[in-house]
Amino acid sequence: LPIMLVIGLLLGYAYPLPGKFLGEADLGGICFPTGDTETCVYNSVSNLCITFIFVMSGMKLKTEEIKRAMRTWKAALFGFISILFITP
């Protein structure tokens, strides 16, 4: 994995045009009205790739691991509160 990351960095540095094109590509996405503007999700290739990574990681979870994680709801609640309210 680290070797592929280095290769990807070198390719991106040597040939930046494909990355620039995909970074500026507008996929339309799903838009929600928020006041005077719209908030769009999945409107870029990078957002789509990040979502794909999370979905694939979630599909690899075993049911027992999910059940075990649900039993530690106090630790999860502390994590959510500290991330959302305590740390800036």
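Residues numbered from 1 in each chain as written. Predicted model: local features only at pLDDT ≥ 70, side-chain atom pairs only at ≥ 80, totals over all residues. Heavy atoms only, no water.

Novice: Sorry if this is basic, but what is going on with the environment of Ser82 here?
Specialist: Assignment of secondary structure puts Ser82 in helix 5 (residues 73-86). Only 3.0 Å separates the side chain of Ser82 from the backbone oxygen of Gly79, close enough to count as a polar contact. (Helix = DSSP H or I, 4+ residues; strand = E, 2+ residues; numbered from the N terminus. Polar contact = N/O pair within 3.5 Å; in protein donor to acceptor, adjacent residues only side chain to side chain.)

Novice: Would you mind going over the pairing of strand 2 (residues 37-41) with me for this structure?
Specialist: On any regular strand, side chains alternate: one points to one face of the sheet, the next to the other face. The sheet contact formed by strand 1 (residues 30-34) and strand 2 spans five bridges and is antiparallel. Considered in strand 2, the bridge of Ile30 is made with Val41. (Pairing = 2+ DSSP bridges.)

Novice: Explain helix 1 (residues 2-14) to me, please; I cannot follow it from the model alone.
Specialist: One turn of the α-helix equals 3.6 residues, which is why residues spaced by three or four share an orientation. In this model, helix 1 (13 residues) spans 18 Å end to end at C-alpha, consistent with the 18 Å of a helix rising 1.5 Å per residue. In terms of residue burial, helix 1 counts as a barely covered element, since only zero of its 13 residues are buried. (Expected span 1.5 Å × (residues − 1). Buried < 20%, exposed > 50% of the residue type's maximum accessible area, 1.4 Å probe, protein only.)

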